[in-house]
Amino acid sequence: MRYLIVTAAALVLAACASQEPTPAPQAAAPAAKVPQCWSGDHGKFFNVGERANISGVDVVCEKTSDGKNGQWMGKKH
């Protein structure tokens, strides 16, 4: 009788251990963040490369050295 219980328990454990977990659904990759510059005068963000006139100064939004953000730079003539 003990042999039967031990065998049944071993079979149940083996069956549970051999099951593969279902893979989690993959989330969609987030869109790449485009570096932008904030303009308080206009109340909006500008993409890199866009020009604006802030407080009477012509400026252009350029990427920072790490490429993750934008910063206002004086417009080159």
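One structure accompanies this document, and this report is about it. Fair warning: this is a prediction, and the values are worked out from it, not measured in the lab. (Residues numbered from 1 in each chain as written. Predicted model: local features only at pLDDT ≥ 70, side-chain atom pairs only at ≥ 80, totals over all residues. Heavy atoms only, no water.)

### Side note on the pairing of strand S4 (residues 57-63)
As judged from the four bridges shared by strand S3 (residues 51-54) and S4, these two strands associate in the antiparallel manner. Bridged to Ala52 within S4 is Val59. Connecting S3 to the next strand, S4, in antiparallel fashion are two residues, including Ser55 with a positive phi near 50°. By the bridge criterion, five bridges tie S4 to strand S5 (residues 70-74) in an arrangement that is antiparallel. Bridge pairing in S5 links Cys61 to Trp72. Hairpin connection between S4 and S5: a loop of six residues separates the two successive antiparallel strands, and Gly67 in this loop has a positive phi of roughly 75°. (Pairing = 2+ DSSP bridges. Helix = DSSP H or I, 4+ residues; strand = E, 2+ residues; numbered from the N terminus.)

### Describing the packing of aromatic side chains
We describe a pair of aromatic rings using the distance from one ring centre to the other and the angle between the two ring planes. Evaluation of the coordinates by the stated rule reveals two aromatic pairs. Between Trp38 and Phe45 the ring centres are 4.9 Å apart and the planes differ by 65°, which places this aromatic pair in the edge-to-face class. When the ring of Phe46 is compared with that of Trp72, the centres are 5.5 Å apart and the planes differ by 70°; the resulting orientation is edge-to-face. Separated by 26 residues along the polypeptide, Phe46 in strand S2 (residues 44-47) and Trp72 in strand S5 bring together distant segments of the chain. A residue is classified by how much of its surface remains accessible, and Phe46, at 7% relative accessible area, is buried. Trp72 sits in the partly exposed class, given a relative accessible area of 23%. (Phe/Tyr/Trp six-rings, centres within 6.5 Å; stacked < 30°, edge-to-face > 60°. Buried < 20%, exposed > 50% of the residue type's maximum accessible area, 1.4 Å probe, protein only.)

### A few points about the side chain of Ser39
Tracing the chain through its elements places Ser39 in strand S1 (residues 36-39). Classification of Ser39 by relative accessible area gives buried; the value is 1%. Engagement of the side chain of Ser39 in a polar contact is seen with the side chain of His42, the distance being 2.8 Å. Not counting the four nearest positions on each side in its chain, Ser39 is found in contact with Lys44, Phe46, Ile54 and Trp72. (Polar contact = N/O pair within 3.5 Å; in protein donor to acceptor, adjacent residues only side chain to side chain. Contact = heavy atoms within 4.5 Å.)

### Describing the sheet that holds S5
With antiparallel pairing, the three strands of this open sheet are ordered in space as S3-S4-S5. Edge positions in the sheet fall to S3 and S5, since each has one partner strand and no second. Put simply, the sheet's adjacent strands are angled 40° from each other on average, direction ignored. (Axes fitted to C-alpha atoms, helices over the stretch in contact; angles between N-to-C directions.)

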